[in-house]
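One-letter residues, chain by chain:
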Amino acid sequence: MQRWLAVLVALIGFVLAQASTQTPAGWQEIRPGGATACSDGSPWRFYVAQGAADKVIINF
């Protein structure tokens, strides 16, 4: 099971790396800078969108 999960995570990472670099509409791109980096060596970043205070999603 863990092996399949690792393969799935790697596949998702590959697909995301191939995706467009444009920020999705309604989202703000945050690039912390410093010594941060993704596992593929690209700059680390995350996205934030305004929403209701009682509805929060944290997606890794």
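Quick caveat: nothing in here was measured; it's all calculated off a predicted structure.

**Student:** Outline a nonpolar patch on the surface, supporting the account with residue identities and numerical values.
**Tutor:** A cluster of nonpolar side chains, namely L5, L8, V9 and I12, defines an oily patch on the protein surface of about 370 Å² accessible area. Note that V9 resides in helix 1 (residues 2–18). Judged by relative accessible area, which is 52%, V9 ranks as exposed.

**Student:** Tell me about the environment of G26, residues and numbers included.
**Tutor:** Checked against the element boundaries, G26 lands in the loop between helix 1 and strand 1 (28–30). Taking the relative accessible area as the measure of exposure, G26 reaches 65% and is therefore exposed. Spatially, the C-alpha atom of G26 lies 7.9 Å from that of Q50, the residues being 24 residues apart in sequence. Ignoring anything within four residues of it in the chain, the contact list for G26 reads V48 and A49.

Calculation notes
- Residues numbered from 1 in each chain as written.
- Predicted model: local features only at pLDDT ≥ 70, side-chain atom pairs only at ≥ 80, totals over all residues.
- Heavy atoms only, no water.
- Patch = residues over 30% accessible without salt bridge, like charges linked within 9 Å, V, L, I, M, F, W, Y side chains within 5 Å.
- Areas by Shrake-Rupley, 256 points an atom, 1.4 Å probe, with all protein chains shown as cover.
- Salt bridge = Lys/Arg side-chain N within 4 Å of Asp/Glu carboxyl O.
- Helix = DSSP H or I, 4+ residues; strand = E, 2+ residues; numbered from the N terminus.
- Buried < 20%, exposed > 50% of the residue type's maximum accessible area, 1.4 Å probe, protein only.
- Contact = heavy atoms within 4.5 Å.

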